[in-house]
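# Geometric and topological summary
Residues per chain, in single letters:
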Amino acid sequence: MKNQHLINEKKHLIEQLTGIHSSKINYYSEVKKRNEEIIKQNNRLEIIHQIIKDINIDMSLSDIIERVYQRLPLAIHCDFLGLALMQDDDLIMTAMIPNCDCTGHPVPFKSLLWRAVRESQSKVYSLTEEERATQKCPPIKKMDLISLAIDPLIVKSNVIGVLMIGSRRENAYAENEVGFTRQLADQLAICIENARLYEQVLNSKTEWEETFRALTDPILLIDQNYNIIRCNNQLNGLPGQINGKPEKNKCYRYIWGRDTKCDACLMDEVNRNQAPAYRRIQLESGKTFDVHYYPVFKPNRRIYSVIHHIKDITEQVKMEAQLMQSDKLAAIGEMAAGVAHELNSPMTVVIGNSQMIMRDGEIEENSVELLQDVINCGLRCKRIIQNLLTFSRQDQRPMSRTNLNKVVESVLSLVQYQINRSNVDIILNLDPHLPDVLANEQQLDQVLINLLLNARDALDNNAKDKKITITSKIRKADKGEYITVTISDNGEGIPAENIMKIFNPFFTSKETNRGTGLGLSVSLGIAEAHGGTIEVNSAPGHGSCFTLVIPVNHQQV
């Protein structure tokens, strides 16, 4: 069809050249007119090309319209340029120059813009005064527009919006200029669609990145060569040397502080089994981590990378150990109560009779020392029995409102001299504003005495600078308010392998004649009977820190 059209035009030109229909003057006028038209079309194509070249994919719609408006008057009359886009079932005035207060508002359904949407055709209009008065589109009245060129923006056969060019001149747009505005609208539609897709991709990328960063556990994406591709930078508490950006660093160096890959690297297990892998890791520092590896597959089912998820479960493991400990204590406590009751009466008889024999004085001098040993050992057995009864909570005493600072002072009046004899300095850091707690003062005496004597014993191997610090303060938590009394020492600390055992009844690292191994287990039982607990932090060579935690508003059961 196009070729036939060109043949007809040439035929018409030859007829004019041979004088069939016109003179030579007419011929040259026609050629000049056609040359001017070609130059005009070339200029317009160049302007469209330049406009599209100037538009970047990340520009806003307002910026796009402004950029087009700057160059459009070079090709066509333009006093107004507006863009309306479809949003669901509405056509919304999105951007325009000069600006109008209808920006962001729906376009009236009876306007010429909606006609362009319905008919999917580009048209030019020259409005009479009456037609302008009936138009509902605000820019027409506000800008006093007489001529309009309206083009639907079409992408994949769908109308996504309308481009509106306006002029205050009468008959500013001829029918043959529709081709130019149509080309401009098509190019703008592609730019707008690309900008929309870019924004969607950018939003999705931002959402994933924010979700990735919002997680508090360390999560990393690692390639097959152990290089970190992505990281949410939540690596606090891990042993690696966290310096610089994680990307391009080796995972074993950045996370775990190693020079070579881990001996039992889970990456190998993931590649071998083509499935996720898991391992629980406990470091020498006492921290425990659950480590998960999840493979990321390419479309051909080959592993492209691995998601590395690390979860610090140190506190969880401690709580689990305490729960297990509580179960053990309950069982042992029940048994201990029975044993204590059985031993208490005969031991009373042994001690009483021995003391009566001593008081009578009718024994040989050589037997006095032996009898005194019987009495001393009997009294020690009584104390053990008393501890067992306390441990099993068979020895119930009433609770009352008690100030823990006064308990600390009371305990120090009993054991401070004993501690000072070992050349240990006691530092007090007591909060004077502690509220009272519901507690059995005698039992708390027993807890603090145990903790203080343990701290003293832990300092035996220190040649100098022996210190015990007692700190009391208020702790606020989600479940309420607590009073804590912390007894810390700068002694030899507790080996990591013993941390989980120290609350076990009869477990002791002391010499046989210096402890029964019941002190801490009894103390924990007392703390739990008050609705609290005892927390431990210790590092070999750096001392230990025991914290008695008692709730302020504990309800006695």
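Look up: the structure comes first, before these words.
So, here is what we can say about the structure in this document. Predicted, not measured: the structure shown is a model, and the values here were computed from it. (Residues numbered from 1 in each chain as written. Predicted model: local features only at pLDDT ≥ 70, side-chain atom pairs only at ≥ 80, totals over all residues. Heavy atoms only, no water.)

### As for the overall build of the chain
- Along the backbone of the chain there are 15 helices and 17 strands.
- Looking at the chain as a whole, 40% of its 557 residues are labelled buried.
- In the chain, of all internal contacts separated by at least 6 residues, the share reaching a separation of at least 24 is 58%.
- Accessible surface for the chain amounts to roughly 32,700 Å². Of this, 50% is attributable to carbon and sulfur atoms. (Helix = DSSP H or I, 4+ residues; strand = E, 2+ residues; numbered from the N terminus. Buried < 20%, exposed > 50% of the residue type's maximum accessible area, 1.4 Å probe, protein only. Contact = heavy atoms within 4.5 Å. Areas by Shrake-Rupley, 256 points an atom, 1.4 Å probe, with all protein chains shown as cover.)

### Examining the sheet that holds strand 1 (residues 80-87)
- Sheet architecture is open: five strands sit in the order 2-1-5-4-3, paired in antiparallel fashion. Looking along the sheet, the strands with just one partner apiece sit at the ends: strand 2 (90-97) and strand 3 (123-126). Taking the axes of each pair of neighbouring strands and ignoring which way they run, one obtains an average angle of 20 degrees across the sheet.
- Running over the sheet, helix 7 (residues 178-214) touches strand 1, strand 3, strand 4 (147-155) and strand 5 (158-167) and is turned about 45 degrees from strand 4. (Pairing = 2+ DSSP bridges. Axes fitted to C-alpha atoms, helices over the stretch in contact; angles between N-to-C directions.)

### Topic: the sheet that holds strand 12 (residues 424-430)
- Spatial ordering of the open sheet is given by 12-14-15-17-16, a layout of five strands whose pairing is mixed. Where the open sheet ends on each side, the last strands, each with one partner, are strand 12 and strand 16 (533-539). Along the sheet, successive strands turn relative to each other by an average axial angle of 20 degrees, direction set aside.
- As paired elements, strand 16 and strand 17 (residues 543-551) share seven bridges and run antiparallel to each other. From the neighbouring strand, Ser538 faces strand 17, where its bridge partner is Ser544.

### A word on unusual backbone geometry
- Cis geometry marks the peptide bond from Ile97 to Pro98, where omega comes out at -10 degrees.
- Its identity as a non-glycine residue notwithstanding, Ser120 has a phi of 50 degrees, on the positive side.
- Tracing the sequence through the fold places Ser120 in the loop between helix 4 (112-119) and strand 3.
- Judged by relative accessible area, which is 35%, Ser120 ranks as partly exposed.

### Focus: a nonpolar patch on the surface
- Among the surface-exposed residues, Ile57, Tyr198 and Leu202 lie close enough to one another that they form a single nonpolar patch of about 240 Å² accessible area.
- Tracing the backbone shows Tyr198 in helix 7. (Patch = residues over 30% accessible without salt bridge, like charges linked within 9 Å, V, L, I, M, F, W, Y side chains within 5 Å. Salt bridge = Lys/Arg side-chain N within 4 Å of Asp/Glu carboxyl O.)

### Regarding the side chain of Thr484
- With respect to the helices and strands, the residue Thr484 is situated in strand 15 (residues 480-489).
- For Thr484, a relative accessible area of 1% gives the class buried.
- With residues near it in sequence (within four places) discarded, Thr484 still touches Thr471, Ser472, Lys473, Arg475, Thr547, Leu548 and Val549.

### Looking at the environment of Asn99
- Locating Asn99 in the fold gives a position in the loop between strand 2 and helix 4.
- A residue is classified by how much of its surface remains accessible, and Asn99, at 56% relative accessible area, is exposed.
- Sequence separation between Asn99 and Gly82 is 17 residues; the distance between their C-alpha atoms is 8.8 Å.
- For Asn99, the side chain forms a polar contact with the side chain of Thr103, separated by 2.9 Å. (Polar contact = N/O pair within 3.5 Å; in protein donor to acceptor, adjacent residues only side chain to side chain.)

### What about the packing of helix 13 (residues 441-458) against helix 15 (residues 519-529)?
- Taken N-terminus to C-terminus, the directions of helix 13 and helix 15 make an angle of 145 degrees; their axes are 9 Å apart at the nearest point. Crossing of helix 13 against helix 15: the hand is left-handed. Where helix 13 abuts helix 15, its residues Gln443, Leu444, Gln446, Val447, Asn450, Leu451 and Asn454 lie against Gly519, Leu520, Val522, Ser523 and Ile526.
- Across the contact of helix 13 with helix 15, the residue classes tally to six nonpolar, six polar and no charged. (Left-handed = near helix turned anticlockwise from the far one by under 90°. Nonpolar A, V, L, I, M, F, W, Y, C, P; charged D, E, K, R; others polar.)

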